[in-house]
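# Overview (structure and organization)
Take a look at the letters that make up each chain.
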Amino acid sequence: MSDTGVVAAEIPPGLREPRNQVSRRAIGYWTASAAVGAVVLLGIEIGVAAICGFGSGWWAAIGASALLLLARVLIMPRWRYRVHRWEVTEDALYVRSGWFAVHWRIAPISRIQTIDSERSLPERIFGLANVTATTASAAGHIKIHGLDRATADRLQAELSLATARIPGDAT
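Residues numbered from 1 in each chain as written. Predicted model: local features only at pLDDT ≥ 70, side-chain atom pairs only at ≥ 80, totals over all residues. Heavy atoms only, no water.

## What about unusual backbone geometry?
In this structure, Phe-54 is a non-glycine residue whose phi angle is positive, near 50°. Counting through the fold element by element, Phe-54 comes out in the loop between α1 (25–52) and α2 (56–83). (Helix = DSSP H or I, 4+ residues; strand = E, 2+ residues; numbered from the N terminus.)

If you want it as structure tokens, here you go:
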């Protein structure tokens, strides 16, 4: 209730941060994924440099690449964790994701056609899962990355029940 005695309506998640964060374990997963990618890229770069004779320009390029990749490994996972959020209301699924570019997706529950869960081997190692809601929209599906398994299972069940209550075929 405000100072004027008027009950303020709750701000919808599309205009504020969605309530739920992804699992903190996602930071470790994203860090490991970025580190593996960095090692692969540096390995390729060193391989090409070896074929070309390791001139001084190559060492500068490898050093610059290593610094940029290290910055990515250290910064991206924590930044991405702060950005990634999701929320389900009676009316819609709200998702904010990204790290360099931030994406907001809002899907009315009535437009959701399928709900899927995916767990790659590396994600299973970290105890993580993703939930994907496919909609009757040209924009396609909405994917929530980095959920712990129990949350992903609950979310999938919750969305399944919510969509089943809506009459029609979500088209």
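On we go from here.
## Thoughts on the sheet that holds strand β1 (residues 20–21)
Pairing is antiparallel across the open sheet formed by 4 strands, whose spatial order is β1-β2-β3-β4. Edge positions in the open sheet fall to β1 and β4 (102–108), since each of these has one partner strand only. Sheet topology note: the strand β2 (residues 85–88)/strand β3 (residues 92–98) ladder contains 4 bridges and is antiparallel. Among the inter-strand pairings, Val-88 is bridged to a residue of β3, identified as Leu-93. (Pairing = 2+ DSSP bridges.)

## Re the side chain of Glu-45
If you trace the backbone, Glu-45 turns up in helix α1. For Glu-45, which is buried and forms no salt bridge, the nearest opposite charge comes from Arg-72, at a distance of 13 Å. (Buried < 20%, exposed > 50% of the residue type's maximum accessible area, 1.4 Å probe, protein only. Lys, Arg positive; Asp, Glu negative; His and termini not counted. Salt bridge = Lys/Arg side-chain N within 4 Å of Asp/Glu carboxyl O.)

## Here we look at helix α4 (residues 149–164)
For α4, built from 16 residues, the straight-helix expectation of 22 Å at 1.5 Å per residue is met to within 8% by its first-to-last C-alpha distance of 22 Å. Looking at α4, one finds that the buried residues are Thr-151, Ala-152, Leu-155, Leu-159, Ala-162 and Thr-163. Each buried residue of α4 lies within a common arc of 100° when the element is viewed along its axis, so the set occupies one face. Exposed residues on α4 whose side chains face more than 90 degrees from its buried face are Arg-154, Leu-161 and Ala-164. Here the buried face of α4 lies against β2, β3, β5 (112–118), β6 (128–135) and β7 (141–148). Of the residues that open α4, the one with a side-chain oxygen 3.2 Å from the backbone nitrogen of Ala-150 is Asp-148. (Expected span 1.5 Å × (residues − 1). Arc of directions from axis to C-beta. Contact = heavy atoms within 4.5 Å. Polar contact = N/O pair within 3.5 Å; in protein donor to acceptor, adjacent residues only side chain to side chain.)

## A short note on the sheet that holds β7
The 3 strands are arranged β5-β6-β7 in an open sheet whose pairing can be described as antiparallel. Whereas interior strands pair on both sides, the edge strands pair on one side only; in this sheet they are β5 and β7. For this sheet, the mean angle separating the axes of adjacent strands, direction not counted, is 15°. Two elements, β5 and β6, share 6 bridges in a ladder whose sense is antiparallel. (Axes fitted to C-alpha atoms, helices over the stretch in contact; angles between N-to-C directions.)

## A few points about α1
For α1, with 28 residues, the first-to-last C-alpha span of 41 Å sits near the 40 Å given by 1.5 Å per residue. Backbone geometry just downstream of α1 places Gly-53 in the positive-phi region, at approximately 95°.

## Remarks on the packing of α1 against α2
Relative to each other, α1 and α2 sit at 170°, their axes nearing to 9 Å. Here α1 is positioned roughly antiparallel relative to α2, judged by the angle of their axes. Of the residues in the contact of α1 with α2, the class split is 20 nonpolar, 2 polar and 4 charged. (Parallel < 35°, antiparallel > 145°, perpendicular 65-115°, else oblique. Nonpolar A, V, L, I, M, F, W, Y, C, P; charged D, E, K, R; others polar.)

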